[in-house]
Amino acid sequence: MRRFLSSLVLALALTFATTGARAVAPDEMLSNPALEKRARTISAELRCMVCQNESIDDLNADLAKDLRLLVRERLVAGDTDEQVLEFLVARYGEFVLLKPRLQTSTLLLWGFPIAALLAGGIAIVMAVRRRRMTPVETAPLSESEKKQLKKLFTAPRD
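Please read these numbers as outputs of a predicted model, since none were measured by experiment.

A. Just the nonpolar core, in detail. Core analysis: the biggest nonpolar cluster contains 20 residues, and I42, L46, V71, L75 and L88 have the highest contact counts within it. If we ignore the near neighbours within four places in the chain, the residues touching L75 are L35, R38, A39, I42, D81 and V84.

What follows is the structure, given as structure tokens:
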């Protein structure tokens with residue numbers, strides 16, 4: 001158990017040690033710290049279309065770099081964070097967002113995990129109830145089984 005916990009701690013440490021590294025090159029960064037912070041926040045919400053399920057802020061892919069530059073261009077042009085996101089969603093679709101918005105087209109996406117948890121919980125409750133309600137019937141012992149049992153209980157112990 002101790003070895004397992006040590007391995008788990010090491011794996012988690014290595015995982016979190018690499019998450020701080022960003023792919024944003026110094027030449028991409030904006031000179032205005034407030035705009036750069038907004039760009040980083042927006043970039044963390046956007047999915048790389050090449051690598052998928054990773055934010056464009058974490059990747060060195062050409063498309064991720066292009067999207068990061070586009071975000072910065074829109075911010076320099078005066079767009080709000082929401083306007084930048086709307087522009088990218090209009091251009092690339094809802095898939096570009098790492099966390100899709102709750103709307104009618106994404107209800108299944110948001111509702112499925114909840115429905116699966118509820119269904120699993122209901123199945124567990126029903127299985128436990130069924131097990132409690134089902135009486136356990138045992139067949140009576142045969143005469144030979146009774147004799148063997150008697151021998152076991154009356155046999156001398158060492």
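B. Summary view of helix α6 (residues 143–154). End to end, α6 covers 16 Å across 12 residues, agreeing with the expected 16 Å (1.5 Å per residue, within 8%). Counting buried residues along α6, only 0 of its 12 residues qualify, which leaves the element largely exposed.

C. Expanded view of the packing of helix α3 (residues 62–76) against helix α4 (residues 81–92). In contact at an axis separation of 10 Å, α3 and α4 are set at 135 degrees when each is read in the N-to-C sense. Between α3 and α4, the angle is such that the two are oblique. Between α3 and α4 lies a crossing of right-handed hand. Facing L67, L70, V71, R74 and L75 of α3, the residues of α4 in contact are D81, V84, F87, L88, R91 and Y92. For the contact of α3 with α4, a count of residues per class yields 8 nonpolar, no polar and 3 charged.

Calculation criteria
- Residues numbered from 1 in each chain as written.
- Predicted model: local features only at pLDDT ≥ 70, side-chain atom pairs only at ≥ 80, totals over all residues.
- Heavy atoms only, no water.
- Core = buried A, V, L, I, M, F, W, Y, C linked by side-chain atoms within 4.5 Å.
- Buried < 20%, exposed > 50% of the residue type's maximum accessible area, 1.4 Å probe, protein only.
- Contact = heavy atoms within 4.5 Å.
- Helix = DSSP H or I, 4+ residues; strand = E, 2+ residues; numbered from the N terminus.
- Expected span 1.5 Å × (residues − 1).
- Axes fitted to C-alpha atoms, helices over the stretch in contact; angles between N-to-C directions.
- Parallel < 35°, antiparallel > 145°, perpendicular 65-115°, else oblique.
- Left-handed = near helix turned anticlockwise from the far one by under 90°.
- Nonpolar A, V, L, I, M, F, W, Y, C, P; charged D, E, K, R; others polar.

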